[in-house]
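Chain by chain, the residues run as shown.
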Amino acid sequence: MSIRFILCFNKQGVVRLVRWYTANESGRETQEFIAQIYRLISSRDHKHQSNFVEFSDVTKLIYKRYAGLYFVMGVDMRDEEPIYLSHIHLFVEVLDNFFGNVCELDIVFNFYKVYMVLDEMFLAGEIQEVSKDVLVEKLHILDKLE
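(A) Inspection of the overall build of the protein at higher detail. Scanning the protein from terminus to terminus reveals five helices and seven strands. When the helices and strands of the protein are read in sequence order from the N terminus, they spell out β-β-α-β-β-β-α-α-α-β-β-α. Taking 146 residues into account, the globule formula puts the C-alpha radius of gyration at 15 Å, and the protein, at 15 Å, falls close to it. Along the three orthogonal principal directions, the C-alpha set of the protein runs to about 45 × 35 × 30 Å. In the protein, which comprises 146 residues, the share counted as buried stands at 42%. Contacts in the protein between residues far apart in sequence, at least 24 positions, make up 50% of those at least 6 positions apart. Between the centroid of the 16 positive side chains of the protein and the centroid of its 22 negative side chains there is a distance of 6 Å.

This is how it looks when you write it as structure tokens:
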């Protein structure tokens, strides 16, 4: 199981969160890569199509839309989709608990805390922690250290 990248962007395609776990293109190519992902996901019918899309020969996209934000994981083609979909949901639940009903502005103005949550859950493209209670407890301890 390997996560290649995690993205979060709004309905207009503005990136709010990005974490690369594998080598990626730099500069303009990265922006085109993200734009291609946005166009692919935003054009889908979310009520009648699945949250899984084959993106390339080696990557498939698992995504979930919460209010005005898309949370996207690029994973290896051989990995099971429901595992990653449940971890996207867990990530949003932890953010909700941490911020108290998270919204796009929380992610914009507290991006360092969002990355802290992300780093507690995923390490080097692998799932590190799966317990919501443990994550929330760790995050409150880290938040008190500020």
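(B) Quick peek at empty space enclosed by the protein. Summed over the entire model, instances satisfying the criterion amount to one cavity of 30 Å³ or more. Approximately 40 Å³ is the volume found for the largest cavity. Within the residue set of the lining of the largest cavity, elements represented by two or more residues are strand 5 (69-76) and helix 2 (81-99). Across the lining of the largest cavity, the residue classes break down as seven nonpolar, one polar and no charged.

(C) Focus on unusual backbone geometry. Residues other than glycine seldom take positive phi values, yet A67 does so here, at roughly 50 degrees. Its place among the elements puts A67 in the loop between strand 4 (59-66) and strand 5. Phi at A124 is positive, roughly 55 degrees, even though this residue is not glycine. Along the chain, the position of A124 falls in the loop between strand 6 (122-123) and strand 7 (126-127).

(D) Spatial organisation of the pairing of strand 4. Counting buried residues along strand 4, six of its eight residues qualify, which places the element largely inside the surrounding structure. As defined by bridge partners, strand 3 (residues 52-54) adjoins strand 4 across three bridges and the pair is classed as antiparallel. Residue pairing for strand 4: V53 is matched across the bridge by L61. In sequence, strand 3 turns back onto strand 4 through a hairpin of four residues. Judged from the eight bridges that link them, strand 4 and strand 5 form a sheet pairing that is antiparallel. Note on strand 5: the bridge partner recorded for L61 is G74. Between the antiparallel neighbours strand 4 and strand 5 lie two residues, among them A67 with a positive phi of about 50 degrees.

Rules and cut-offs
Residues numbered from 1 in each chain as written. Predicted model: local features only at pLDDT ≥ 70, side-chain atom pairs only at ≥ 80, totals over all residues. Heavy atoms only, no water. Helix = DSSP H or I, 4+ residues; strand = E, 2+ residues; numbered from the N terminus. Rg over C-alpha atoms; globule rule 2.2 N^0.38 Å. Buried < 20%, exposed > 50% of the residue type's maximum accessible area, 1.4 Å probe, protein only. Contact = heavy atoms within 4.5 Å. Lys, Arg positive; Asp, Glu negative; His and termini not counted. Charge placed at Lys NZ, Arg CZ, Asp CG, Glu CD. 1 Å grid on protein atoms, 1.4 Å probe; cavity = no way out; pocket = protein on both sides within 12 Å on 5 of 7 lines; lining within 4 Å. Points joined across faces, edges and corners; volume = space filled by probe spheres on them. Nonpolar A, V, L, I, M, F, W, Y, C, P; charged D, E, K, R; others polar. Pairing = 2+ DSSP bridges.

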